Amino acid sequence: MKLRTLVFPVLLSVSLLVSSCQRSNEPLRGNTYLLGTVLNVAVHDGGYREELIDRVFERVAEIEARMSTSTTDYETTELLAVNRAAGANPVSVSADTYAVLQEALHFSRLTNGAFDVTIWPLVTLWGIGTDSARVPDRVEIDDARRLIDYSALELLPGREVRLPLAGMGVDVGAIAKGYAADEASRILREAGVEHALLDFGGNILLLGSKPDGSPWRIGVQRPDGERSSFIGVLTLADQSVVTSGPYERFFEQDGVRYHHILDSATGYPAENGLSQVTIVAARSMVADALSTACYVLGLEEGRALVESLPEAEAIFVTEDRVVHLTEGIGDRFELTDPAYRLE
Ligand code: AMP
Ligand code: MG
């Protein structure tokens, strides 16, 4: 079924839900399914109507319809058009898509390809999260790896995008949720909202503080994938918190788990002793890109990267249940689960 046909009935039911829970002092809430996950928005200022939340979700649906690379959800999108024209003509894209590709290229360069915007051939080959997920053979993996090269992505004047070789492709799955959260937050801010909490499938964005002026307390999820339990708490305002881990999307074959964060250096899911990475940054897109990148980079290189960036902090959890913090986050993170220990 096309996602677009699904979205509008969902929005309708969201509106009904929102109207039913508008009581005084209660936050205005809405939720829907987009970007492959459940989006929750809670506006904590009074006086807003459900139309505002509908506008937020319509904007996210627009971003999805431009940048999805899922052929099961969409016949075509701007990025599917770019990928289909690889090796041939440039494709003109919206300002949205162009901006996300520019950011994705920036993070590809910054991480020397640990984050690689041209990861698409490997993503489609593995098919993780689709019905056709399978472990490819070595030859297929090497063929796909040869097509991955962010430095070959051409972002041309006039918002035209081109990939030089047939078979190449871009994928913004590691950054689009962050971009969408930043856009959602912009819409709320422009409408005058000062206190809101956005949860886009675990990508958290905090607009302002809590209404009483105190910071929000955000649980850092447990790496075993149990979303309702936490290893610790972050105390924050006006920040985004994004976690990447192998439990988000995976499949099993012959008793082995294969997850969705791929290392283009090996062609396989990244394996380096990490069980998850959480990034805190003001912009959700930055947190989203860096959490995926750091998961691929591993503890040492990932931490060095984040320490070099004044705008981001990180919490790494290693498979031996040790929690490693970057320098600037220590006073805002409290470990609560005794099964884990701070480095
Ligand atoms: P996230 O859940 O934000 O960590 O992003 C994971 C998604 O990003 C995957 O489902 C792929 O669509 C894409 N992806 C996987 N590996 C990489 C990579 N090395 N660089 C960039 N994007 C990736
Ligand atoms: Mg990400």
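What comes next is a walk through the structure. The written sequence of each chain sets the order in which its residues are numbered from 1. The order in which chains are written sets their letters, starting at A; the order in which ligands are written sets their numbers, starting at 1. pLDDT decides what is reported in this predicted model: residues at 70 or higher carry local features, side-chain atom pairs at 80 or more are listed and counted, and totals for whole chains, interfaces and linings draw on all residues regardless. Excluded from the side-chain calculations are hydrogens and water; all other atoms, namely the structure's heavy atoms, are used.

### Some words on the packing of helix H2 (residues 50-67) against helix H4 (residues 95-110)
This is how the line gets drawn: In this analysis an axis means a line fitted to C-alpha atoms, helices contributing only their contacting stretch, and an angle means the value between N-to-C directions, from 0 to 180 degrees. A run of DSSP states H or I qualifies as a helix once it reaches four residues; a run of E qualifies as a strand once it reaches two. Both are numbered from the N-terminal end. Should an angle fall under 35 degrees it is called roughly parallel, over 145 degrees roughly antiparallel, and 65 to 115 degrees roughly perpendicular, with every other angle called oblique. In what follows, a contact means two residues having at least one pair of non-hydrogen atoms within 4.5 Å. Asp, Glu, Lys and Arg are counted as charged, while Ala, Val, Leu, Ile, Met, Phe, Trp, Tyr, Cys and Pro are counted as nonpolar; the rest, among them Gly, fall into the polar class.
Relative to each other, H2 and H4 sit at 70°, their axes nearing to 10 Å. Judged by the angle between their axes, H2 and H4 are roughly perpendicular. In this structure, H2 uses Arg 59, Ile 63, Arg 66 and Met 67 to contact H4, whose residues at the interface are Asp 96, Thr 97 and Val 100. Taken together, the residues that form the contact of H2 with H4 break down as three nonpolar, one polar and three charged.

### A closer look at the packing of aromatic side chains
What counts is decided by this rule: Note on aromatic contacts: the rings of Phe and Tyr and the six-membered ring of Trp form a pair at centre separations within 6.5 Å, being stacked when their planes are under 30 degrees apart, edge-to-face when over 60 apart, and tilted otherwise. Buried means the residue's accessible area, taken with a 1.4 Å probe over protein chains only, is under 20% of the maximum for its type, while exposed means over 50%, and partly exposed covers the values in between. Counted as over-ring charges are cases with an Arg CZ or a Lys NZ within 6 Å of the ring centre that also lie within 35 degrees of the ring normal.
Scanning all chains against the criterion turns up three aromatic pairs. Between the aromatic rings of Trp 126 and Tyr 258, the centroid separation amounts to 5.5 Å while the plane-to-plane angle is 40°, which identifies the pairing as tilted. Placement of the pair is Trp 126 in helix H5 (residues 120-126) and Tyr 258 in strand S12 (residues 256-259), with a sequence separation of 132 residues. Exposure class is identical for Trp 126 and Tyr 258. Each is buried. Plain terms: the ring middles of Phe 251 and Tyr 258 are 5.4 Å apart, the flat faces sit at 25° to each other, and that makes the pair stacked. Judged on exposure class, the residue Phe 251 and its partner Tyr 258 are both buried. Grouped by ring-pair contacts, the aromatic residues Trp 126, Phe 251, Tyr 258 and Tyr 268 constitute a single cluster. Sitting above the plane of the Phe 250 ring, Arg 257 keeps its charged end 3.9 Å from the centroid.

### A look at the site of ligand 1
Short version of the rule: When at least one non-hydrogen atom of a residue lies within 4 Å of a molecule or strand, that residue is treated as near it. Distance and chemistry together define a polar contact, namely a pair of N or O atoms within 3.5 Å, with one atom able to donate a hydrogen and the other to accept it when in protein, and with adjacent residues in sequence counting only for side-chain atoms on both sides.
In the region of ligand 1, 16 residues are neighbours, and Asp 116, Asp 171, Ser 244, Leu 262 and Thr 292 sit closest. Asp 116 has a polar backbone atom sitting 3.0 Å from a nitrogen atom of ligand 1. With respect to ligand 1, the side chain of Asp 171 contributes an N or O atom lying 2.9 Å from an oxygen atom. If you tally residues by element for the shell around ligand 1, the top one is helix H8 (residues 284-297), at three residues.

### Here's the deal with the sheet that holds strand S16 (residues 312-318)
Spelled out, the test is: Strands are labelled as partners when DSSP assigns at least two bridges between them.
An order of S1-S2-S6-S7-S10-S15-S16-S17-S19 is seen for the nine strands of this open sheet, with the pairing classed as mixed. Of all the strands in the sheet, just strand S1 (28-34) and strand S19 (341-342) have a single pairing partner and so form its edges. With seven bridges joining them, S1 and strand S2 (residues 37-43) adopt antiparallel strand pairing. Bridge pairing links Asn 31 to Asn 40 in S2. Seen against the sheet, H2 touches S1, S2 and strand S6 (196-200) and runs at an angle of roughly 20° to S1. Sheet strands touched by H8: strand S7 (203-207), strand S10 (240-244), strand S15 (274-281) and S16. Its angle to S15, the strand with the most contacts, is close to 155°.

On their own, these measurements won't tell you what the molecule is for.
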